[in-house]
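Read off the chains here:
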Amino acid sequence: MKKHSVELSGHRTSIAIEDEFWIELKKIAEQKKMSLRQLLIQIDNAHTTNLASSIRLFVLKHYIDQNTQSQQNSV
């Protein structure tokens, strides 16, 4: 795991998360035409667990939703 330092809502925080999740999170931000910081703030405002876990769940849900949508479009 790698630590990433970011500023969210006026405070600096470190997020320890696997590179794979960090890379995918950056890709999602790009797809949504958002900065990584904007996306992290959105996740931070909505999370109910620690931020690293919330990021993992966000990435997982994003790809599950994308897969479901793709399957529905192919029917």
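Residues numbered from 1 in each chain as written. Predicted model: local features only at pLDDT ≥ 70, side-chain atom pairs only at ≥ 80, totals over all residues. Heavy atoms only, no water.

### With respect to the packing of helix 1 (residues 19–31) against helix 2 (residues 36–46)
For the pair helix 1 and helix 2, the least separation of the axes is 9 Å and the interaxial angle reads 105 degrees. Taken together, the axis directions place helix 1 and helix 2 in an arrangement best described as roughly perpendicular. Seen from helix 1, the contacting residues are Trp 22, Leu 25, Lys 26, Ile 28 and Ala 29; seen from helix 2, they are Leu 36, Leu 39, Leu 40 and Ile 43. Within the contact of helix 1 with helix 2, the residues separate by chemical class into 8 nonpolar, no polar and 1 charged. (Axes fitted to C-alpha atoms, helices over the stretch in contact; angles between N-to-C directions. Helix = DSSP H or I, 4+ residues; strand = E, 2+ residues; numbered from the N terminus. Parallel < 35°, antiparallel > 145°, perpendicular 65-115°, else oblique. Contact = heavy atoms within 4.5 Å. Nonpolar A, V, L, I, M, F, W, Y, C, P; charged D, E, K, R; others polar.)

### Quick notes on the pattern of salt bridges
Tallying each qualifying case throughout the model produces 3 salt bridges. Arg 56 serves as the salt-bridge partner of Glu 18, at 2.9 Å between the closest nitrogen and oxygen. Of the two residues, Glu 18 sits in the loop between strand 2 (11–17) and helix 1 while Arg 56 sits in helix 3 (residues 51–73), which places them 38 residues apart along the sequence. A salt bridge links Lys 61 to Asp 65; its shortest N-O distance comes to 2.6 Å. Of the two residues, Lys 61 and Asp 65 both sit in helix 3, 4 residues apart, roughly one turn of that helix. (Salt bridge = Lys/Arg side-chain N within 4 Å of Asp/Glu carboxyl O.)

### So, the side chain of Asp 44
Structurally, Asp 44 can be placed in helix 2. For the buried Asp 44, no salt bridge is present, and the opposite-charge side chain at shortest range is Arg 37, 9.6 Å distant. Beyond its immediate sequence surroundings of up to four residues, Asp 44 is in contact with Leu 8, Ser 9 and Leu 51. (Buried < 20%, exposed > 50% of the residue type's maximum accessible area, 1.4 Å probe, protein only. Lys, Arg positive; Asp, Glu negative; His and termini not counted.)

### Observations concerning the packing of helix 2 against helix 3
Following both chains from N to C, one finds helix 2 and helix 3 inclined at 105 degrees, their axes separated by 10 Å at the closest point. Comparing their axes, helix 3 and helix 2 come out roughly perpendicular. On helix 3, the residues that touch Leu 39, Leu 40, Ile 43 and Asp 44 of helix 2 are Leu 51, Ser 54, Ile 55 and Phe 58. Among the residues forming the contact of helix 2 with helix 3, the class breakdown is 6 nonpolar, 1 polar and 1 charged.

### A few points about the nonpolar core
One finds Ile 15, Trp 22, Leu 25, Leu 40 and Ile 55 to be the most contacted residues of the largest nonpolar core, which totals 15 residues. Contributions of two or more residues to this core are made by strand 1 (2–8), strand 2, helix 1, helix 2 and helix 3. Setting aside chain neighbours within four positions, we find Ile 55 in contact with Ile 15, Ile 17, Leu 25, Leu 40 and Ile 43. (Core = buried A, V, L, I, M, F, W, Y, C linked by side-chain atoms within 4.5 Å.)

### Structural notes on the pairing of strand 1
Of the pairings in the sheet, the one linking strand 1 to strand 2 comprises 7 bridges and is antiparallel in character. Looking at the pairing, Val 6 lines up with Thr 13 of strand 2. Count of turn residues in the strand 1/strand 2 antiparallel hairpin: 2 residues, of which Ser 9 carries a positive phi of about 50 degrees. (Pairing = 2+ DSSP bridges.)

Purely geometric stuff here, so don't read any function into it on its own.
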